[in-house]
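Listed below, chain by chain, are the residues.
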Amino acid sequence: MLGKILSFSSLLTLLLSAITLFLLLSGCGQSFSSNGQKIYFTAESTSGQPITYSGGPRTMMQNRLACVNCHGSQGKGGTVNMMMQSFDVPNITWPELTSDDPPFTEQTLKLAITQGIDPAGGTLKYPMPHWQMSESDLNDLVDFIKTLK
Ligand code: HEC
């Protein structure tokens, strides 16, 4: 009986340390140099205001999908494997976006992010989500994307 309780508590200790390690490794407490960068990497704002999306894949982490998961830490895109699907993701560095035809502007970039509309008026395909966030968070995110080269 005592043995059972003991092994249960050591199992619990093991589980708790595993969770702590996971939180540490998954970047809890990671610091970002701007709000826009934080949104790009975590889909969370320093203000704590919610950032949600519709239309993209649902991950096991629900709404924790962020730009970085598809477009990459440098914004260069590539082939992404997620939830048993594989898709090509475009490069969204600022030099790339502004040399598209027609080129992206800050305004059309916002439309692409929030409504999935490209500068030619076309529709961005799944799996690019439609993002909902406050105007000031969107401005910060656009400022960050402008630093991607
Ligand atoms: C689940 C993957 C995924 C996530 C997450 C994602 N994107 Fe995308 N994004 C795509 C794909 C795929 C396309 C291309 C869609 C198409 O070809 O119509 C795209 C297209 C775009 C484009 C248009 C690029 C172009 O050249 O036309 C922009 C801008 C963009 N994404 C920005 C973002 C930002 C900013 C975020 C985070 C707020 C984000 N994306 C999150 C997959 C994703």
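Residues numbered from 1 in each chain as written. Predicted model: local features only at pLDDT ≥ 70, side-chain atom pairs only at ≥ 80, totals over all residues. Heavy atoms only, no water.

1. Focus: the nonpolar core
Right, on to step 1. Judged by nonpolar contacts, the single largest core of 29 residues is most densely connected at Tyr40, Leu97, Leu109, Ile113, Trp131, Met133 and Leu141.
Right, on to step 2. If you list the elements that add at least two residues to this core, you get helix H2 (35–42), helix H3 (67–71), strand S2 (78–82), strand S3 (85–89), helix H4 (94–97), helix H5 (106–115) and helix H6 (135–145).
Right, on to step 3. Per element, the largest residue contribution to this core is 5 residues, and it comes from H6.
Right, on to step 4. Excluding residues within four positions of it along the chain, leucine 141 makes contact with Gly36, Ile39, Tyr40, Cys67, Ile113 and Met133. (Core = buried A, V, L, I, M, F, W, Y, C linked by side-chain atoms within 4.5 Å. Buried < 20%, exposed > 50% of the residue type's maximum accessible area, 1.4 Å probe, protein only. Helix = DSSP H or I, 4+ residues; strand = E, 2+ residues; numbered from the N terminus. Contact = heavy atoms within 4.5 Å.)

2. Re the coordination of the iron atom of the ligand
Right, on to step 1. Summarising the metal site, the iron atom of the ligand is bound by the protein donors His71 (NE2) and Met128 (SD), whose distances to it range over 2.0 to 2.2 Å.
Right, on to step 2. Because the angles between the 6 donor atoms bound to the iron atom of the ligand fall within 87 to 179°, the donor set is best described as octahedral. Here the residue histidine 71 occupies a position in helix H3, and methionine 128 occupies one in the loop between H5 and strand S4 (130–132), the gap between them amounting to 57 residues. (Donors = N, O, S within 2.8 Å, 3.2 Å for Na, K, Ca; no water. Tetrahedral: all angles 85-135°; square planar, octahedral: opposite > 155°, others 65-115°.)

The values reported here are purely geometric and, on their own, carry no functional implication.
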